[in-house]
Amino acid sequence: MKSAQIVKRHATFSGECLSRHQNGKPFTPTLSTYLKSNKSFGSRDRRRIRAMCYAWFRLGHALEGLELENQILLSYLCLEDDAQFAEFHSDLPFQLSDNWTTMNLVERLDYLEQNFSLNRNLIFPAEGISSKFDMEKLRQHQFQQPLLWLSVSEENRKSVKNKLDLADVEVQVQGTAMALPISTPVQSILKSYEFEIQDYSSQMALKSLDKLKIKTLWDCCAGSGGKSLLLSRNNNKLDTYASDIRPNILQNLKQRFKLHRRDYCIGRIDMVDCPDVLSFVRSNGGEEAIEQEHFDLVLVDAPCTGSGTWNRNPEHVAAFKGLDDSFMERQEKILTNASRFVKSGGYILYLTCSVFEAENEGMVSAFIENSSVKLLEEGYIKGYEHQSDTMYFALLQK
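Reading guide: rules and limits
- Residues numbered from 1 in each chain as written.
- Predicted model: local features only at pLDDT ≥ 70, side-chain atom pairs only at ≥ 80, totals over all residues.
- Heavy atoms only, no water.
- Pairing = 2+ DSSP bridges.
- Helix = DSSP H or I, 4+ residues; strand = E, 2+ residues; numbered from the N terminus.
- Contact = heavy atoms within 4.5 Å.
- Axes fitted to C-alpha atoms, helices over the stretch in contact; angles between N-to-C directions.
- Parallel < 35°, antiparallel > 145°, perpendicular 65-115°, else oblique.
- Left-handed = near helix turned anticlockwise from the far one by under 90°.
- Nonpolar A, V, L, I, M, F, W, Y, C, P; charged D, E, K, R; others polar.
- Phe/Tyr/Trp six-rings, centres within 6.5 Å; stacked < 30°, edge-to-face > 60°.
- Lys NZ or Arg CZ within 6 Å of the ring centre and 35° of its normal.
- Salt bridge = Lys/Arg side-chain N within 4 Å of Asp/Glu carboxyl O.
- Buried < 20%, exposed > 50% of the residue type's maximum accessible area, 1.4 Å probe, protein only.
- Core = buried A, V, L, I, M, F, W, Y, C linked by side-chain atoms within 4.5 Å.

A. Examining the sheet that holds strand E2 (residues 172-174) more closely. Read from one edge of the open sheet, four strands run E2-E3-E1-E4, paired in antiparallel fashion. The open sheet has two edge strands with one neighbour each: E2 and strand E4 (196-197). Here helix H9 (residues 154-166) sits on the sheet and contacts E2 and strand E3 (177-180); the angle it forms with E3, its principal contact strand, is near 10°.

B. The arrangement of the packing of helix H2 (residues 28-37) against helix H3 (residues 43-58) in detail. One can describe the packing of H2 onto H3 by two numbers: an axis separation of 11 Å at closest approach and a directional angle of 150°. One way to sum up the angle between H2 and H3 is to call them roughly antiparallel. The handedness of the crossing between H2 and H3 is right-handed. Note on element contacts: H3 touches H2 through Arg-46, Ile-49, Arg-50 and Tyr-54, opposite Thr-28, Leu-31 and Leu-35. Across the contact of H2 with H3, the residue classes break down as four nonpolar, one polar and two charged.

C. The sheet that holds strand E11 (residues 342-352), seen in detail. Read across the open sheet, the nine strands follow the order E9-E8-E7-E6-E5-E10-E11-E13-E12; overall the sheet is mixed. On the outer flanks of this sheet lie strand E9 (287-290) and strand E12 (374-381), each paired with one strand and no other. Going from strand to strand, the sheet's axes swing by 20° on average, the running direction of each strand aside. Sheet analysis places strand E6 (residues 239-244) next to strand E7 (residues 265-268), joined by four bridges and oriented parallel. Residue pairing in the sheet places Ala-242 in a bridge with Ile-266 of E7. The strands touched by helix H13 (residues 247-259) within the sheet are E6 and E7, with E7 carrying the most contacts at an inclination of about 175°. Across the sheet, helix H16 (residues 361-369) lies against E11, E12 and strand E13 (391-397), angled at about 15° from E13, the strand it touches most.

D. The packing of aromatic side chains, seen in detail. Counting across every chain of the model gives 25 aromatic pairs. Following the ring pairs from residue to residue traces out a cluster consisting of Phe-133, Tyr-350, Tyr-380, Tyr-384 and Tyr-392. Lying over the aromatic face of Phe-133, Lys-382 brings its terminal NZ or CZ to 5.8 Å of the ring centre.

E. Expanded view of the pattern of salt bridges. Under the definition given, this model contains 19 salt bridges. Note that Asp-276 and Arg-340 form a salt bridge whose closest N and O atoms lie 2.9 Å from each other. Of this pair, Asp-276 sits in the loop between E7 and strand E8 (278-282) while Arg-340 sits in the loop between helix H15 (325-339) and E11; the two residues are 64 residues apart in sequence, bridging distant segments of the chain. Here Arg-340 falls in the buried class, since its relative accessible area comes to 19%. Close ionic contact of Arg-282 with Glu-288 constitutes a salt bridge, the shortest N to O distance being 2.8 Å. Several salt bridges converge on common partners, so that one network encompasses Asp-110, Glu-113, Arg-120 and Glu-136.

F. Broad picture of the nonpolar core. Within the largest apolar cluster, 43 residues are counted, with the highest numbers of intra-cluster contacts made by Leu-77, Leu-96, Trp-100 and Leu-112. Listing elements by their share of this core, those giving two or more residues are helix H1 (3-19), H2, H3, helix H4 (68-79), helix H5 (85-88) and helix H6 (105-116). If you tally residues by element for this core, the top one is H3, at eight residues. If we ignore the near neighbours within four places in the chain, the residues touching Leu-112 are Leu-59, Leu-63, Leu-74, Cys-78, Trp-100, Ser-117 and Leu-118. Trp-218, Met-271, Val-342 and Tyr-350 belong to the second largest nonpolar core, which has 41 residues in total.

See the structure below:
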């Protein structure tokens, strides 16, 4: 079979896979199920179909007016340098520039805009984005898979670096964070207790706490607890409390704390409808009730659009239909409820993985106007500057 026929068939298969995906859901399970159901696919087939699908999420859906298979092919050829391009390019259902292979990404995007009606606003929507961002850099970042970032304790850092060097893994060290190529099989190189997979932005967002004297911490939207775990590892005397509403997430959190031999207090707490007294269970089995104005620091990693992680999860861009007021309402309730449990003089660290002003500066500004807290520091860790996710942080004092 000719190369042109093969690449077109791969585009057809990719279209079949994409048609089975439910908008707004993670794509990995859909892709995995589709590839497993087609036993005849070889490794090259799977690689190209995967690349085509993600190229469509990153770029192809913004090629308005084209049939799906042509969107897939064009976006794939724009973002990937296919070794067989010379064999099949003349048989494609559209014409590309004679110097396509020597064009850089910016030039290719300009070409698509001029010849195929590329809508850049669909690559990453501009409306509502914080003015702190360079919009074009944000869109360019959407085509780049972030690095694999590790959080490694100071005691393990040297041995981890040595193991990675022996495995011939390219390691970038930025402060206390380590970055590896995204495809690194880190679990087969390192012991599970030697590291945590944690994005650079998540680690750096906590740097504003370095000079604060904190004895008690409540991570009230903990998820799997990466941030509170990092703070606990850096401060052996920190009394760490963590909560979430999802039982399966809390179970994972417990396992992570046990793996790193950290004590914890865990509670299942609904932050939108928060009780006046919090209930926690310690790692030794003891139960504890916490009343208001108890904590030196409450960490509020608020639910949000997740737009700061869209380069890692590009399937969410095509499903985005604009900001949902319900997100901001939840954020406001969570922030208000969390503040009730902060001591006078204590701190709130508000975080989102969003680039939208309404979820970040706008939310914090409105909260300050209606409360007695003051803003000490705020900012963005911009993913396009670090090959990472993007995160907003605001340090408040009660």
